Amino acid sequence: LVCAENKIIYQNYEADVDGIEAPIPRRMGDDSTGILIVSVATHKQKDLFFFLVQSELGDIYKVTLDYVGDEVHDIHIKY
């Protein structure tokens, strides 16, 4: 995962495929500044894994990847 301003990108450097981007959800009415991710934690179980990311505003997001085998198709961010 690559955390950039206002978005999170999944990039597989072993494949010649463009990264998959997802915008970071914003608070209602707060369009004044960009959102930066300052902390990440990975939760991993036998058949499940996801990332918890925290913004500089203190908001927590759950990031999940849709994949088949070793190929990621989509990225989802929930507020």
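Cut-offs and rules
Residues numbered from 1 in each chain as written. Predicted model: local features only at pLDDT ≥ 70, side-chain atom pairs only at ≥ 80, totals over all residues. Heavy atoms only, no water. Helix = DSSP H or I, 4+ residues; strand = E, 2+ residues; numbered from the N terminus. Pairing = 2+ DSSP bridges. Axes fitted to C-alpha atoms, helices over the stretch in contact; angles between N-to-C directions. Phe/Tyr/Trp six-rings, centres within 6.5 Å; stacked < 30°, edge-to-face > 60°. Buried < 20%, exposed > 50% of the residue type's maximum accessible area, 1.4 Å probe, protein only. Lys NZ or Arg CZ within 6 Å of the ring centre and 35° of its normal.

So what's going on with unusual backbone geometry? Residues and values would help.
Look at Asn6: it is not a glycine, yet its phi comes out positive at around 70°. Assignment of secondary structure puts Asn6 in the loop between strand 1 (2-4) and strand 2 (7-10).

Describe the sheet that holds strand 3 (residues 20-23), naming the residues involved and giving the relevant values.
Reading across from one edge, 1-2-3 is the order of the three strands in this open sheet, with antiparallel pairing throughout. Two strands in the sheet have a free side with no partner beyond their single neighbour: strand 1 and strand 3. The sheet shows a mean angle of 20° between the axes of neighbouring strands, direction not considered. Inspection of the sheet shows strand 2 paired to strand 3 by four bridges, in the antiparallel sense. Bridging from a neighbouring strand, Tyr10 pairs with Ile20 of strand 3.

I'd like to hear about the sheet that holds strand 4 (residues 37-44), residue by residue, with values.
Here four strands make up an open sheet; going across it, the order is 4-5-6-7 and the pairing antiparallel. Strands at the two margins of the open sheet, each flanked by one partner only, are strand 4 and strand 7 (71-78). For this sheet, the mean inter-axis angle between neighbouring strands, taken without regard to orientation, is 25°. Sheet topology note: the strand 4/strand 5 (residues 49-55) ladder contains seven bridges and is antiparallel. The residue of strand 5 that forms the bridge with Ile37 is Ser55.

An account of the packing of aromatic side chains is requested, with residue identities and associated values reported.
Considering all chains together, one arrives at three aromatic pairs under this definition. With a centroid separation of 5.9 Å and an interplanar angle of 90°, the aromatic rings of Phe49 and Phe51 are classed as edge-to-face. Judged by relative accessible area, which is 29%, Phe49 ranks as partly exposed. When its relative accessible area of 13% is taken as the criterion, Phe51 is described as buried. Ring geometry for Tyr61 versus Tyr79: centroids 5.4 Å apart, planes at 55°, classification tilted. Of this pair, Tyr61 sits in strand 6 (residues 60-68) while Tyr79 sits in the segment after strand 7, and the two are 18 residues apart along the sequence. Pairwise contacts between aromatic rings join Phe49, Phe51 and Tyr67 into one cluster. The lysine or arginine in question, Lys62, covers the ring of Phe50, its NZ or CZ lying 4.7 Å from the ring centre.

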